[in-house]
Structure formats: structure tokens, C-alpha cells
Amino acid sequence: MDGIPDSVFLKTPELQETAVIKLLKKNKEYLGAYISKFKGDTIKDVIITESGLIAAAYGTGISSVMKFLDSKGEEDPIDGNGVATSILIRKYAGFKLNI
């Protein structure tokens, strides 16, 4: 992160938290048009919320979230642990984000 050695980053929870918040803000920025377009919609029995989309982007990636939304749920990419984008959107729906 910004030139900080991995050895320092891995031992410093504050730096890790800062990095995650930075990523979430970027994800929100990249997904802005999608959030505006789909927020409140239901796709494949999943209510689309800002927090759900941002969390899913953290888990499966921004392009996976876009694929899910653009395909109306026909494409539902999974993360490295086998968790589908729709599951992450549902699990993290409705949280208040201060980012």
C-alpha cells in the first residue's frame, strides 16, 4: 500500500483498515452508475442495495457485480471460495456505509 513494505503492512491493523476503506470507496465510485440504476430492484430474489453491491465487489470483484446486474442474474460469478455474487449482495444488503 503506497510504498509501505509488506512486513510493516501485515503487522499494522490500522494500515490494513485504511487500505480496505480506500478500496471500498473506489468500488463505490466505480459502481456509482450501477448503484443509481439498480438500487431497490430485485434480481433473482435478491434485493439490490448499495452496501450489498459494494461488499460483493470486494468479494467477487467489480466486473462480477456488473455481470450479475447486466445479465439480470443469469450470470452469477463466484469468488475464490465458491461464494456466488448474489449471495454476497444478499448477505450484505441494507448496511449503512460511512464511506
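A.B. asks: Describe in detail helix H5 (residues 62-70), supporting the description with residues and values.
C.D. replies: Think of an α-helix as turning once every 3.6 residues; residues three or four places apart then point the same way. If you check which residues of H5 are buried, you get Ile-62, Ser-64, Val-65, Phe-68 and Leu-69. Down the axis of H5, the sector holding all buried residues measures 165°, keeping them to one side. On its buried face, H5 sits against helix H2 (13-30), helix H3 (32-38), strand E1 (42-43), helix H4 (50-60) and helix H6 (85-91). After H5 finishes, the residue Lys-72 shows a positive phi value of roughly 55°.

A.B. asks: If you had to explain unusual backbone geometry to someone new, which residues and values would you point to?
C.D. replies: Positive phi outside glycine occurs at Lys-44, with the angle close to 50°. With respect to the helices and strands, Lys-44 occurs in the loop between E1 and strand E2 (46-47). The phi angle at Asp-45 is positive, at roughly 65°, despite the residue not being glycine. Note on placement: Asp-45 falls in the loop between E1 and E2. Overall, the relative accessible area of 68% leaves Asp-45 in the exposed class.

A.B. asks: I'd like a rundown of the packing of aromatic side chains, residues and numbers included.
C.D. replies: Counted by the stated rule, this structure contains two aromatic pairs. When the centroid spacing of 6.1 Å and the interplanar angle of 15° are considered together, the rings of Tyr-34 and Phe-38 count as stacked. Linking Tyr-34 with Phe-38, this pair stays in helix H3, spanning four residues, or about one helical turn. Taken as a pair, Tyr-34 and Phe-38 share a single burial class, namely buried. Between Tyr-92 and Phe-95, the aromatic rings sit 6.2 Å apart at their centres with planes inclined by 45°, giving tilted as the arrangement.

A.B. asks: Please set out the side chain of Ser-64 residue by residue, giving values where relevant.
C.D. replies: Tracing the backbone shows Ser-64 in helix H5. Ser-64 has contacts with Pro-77 and Thr-85, leaving out every residue within four places of it along the chain.

The rules behind the values
- Residues numbered from 1 in each chain as written.
- Predicted model: local features only at pLDDT ≥ 70, side-chain atom pairs only at ≥ 80, totals over all residues.
- Heavy atoms only, no water.
- Buried < 20%, exposed > 50% of the residue type's maximum accessible area, 1.4 Å probe, protein only.
- Helix = DSSP H or I, 4+ residues; strand = E, 2+ residues; numbered from the N terminus.
- Arc of directions from axis to C-beta.
- Contact = heavy atoms within 4.5 Å.
- Phe/Tyr/Trp six-rings, centres within 6.5 Å; stacked < 30°, edge-to-face > 60°.

In short, geometric facts, not functional conclusions.
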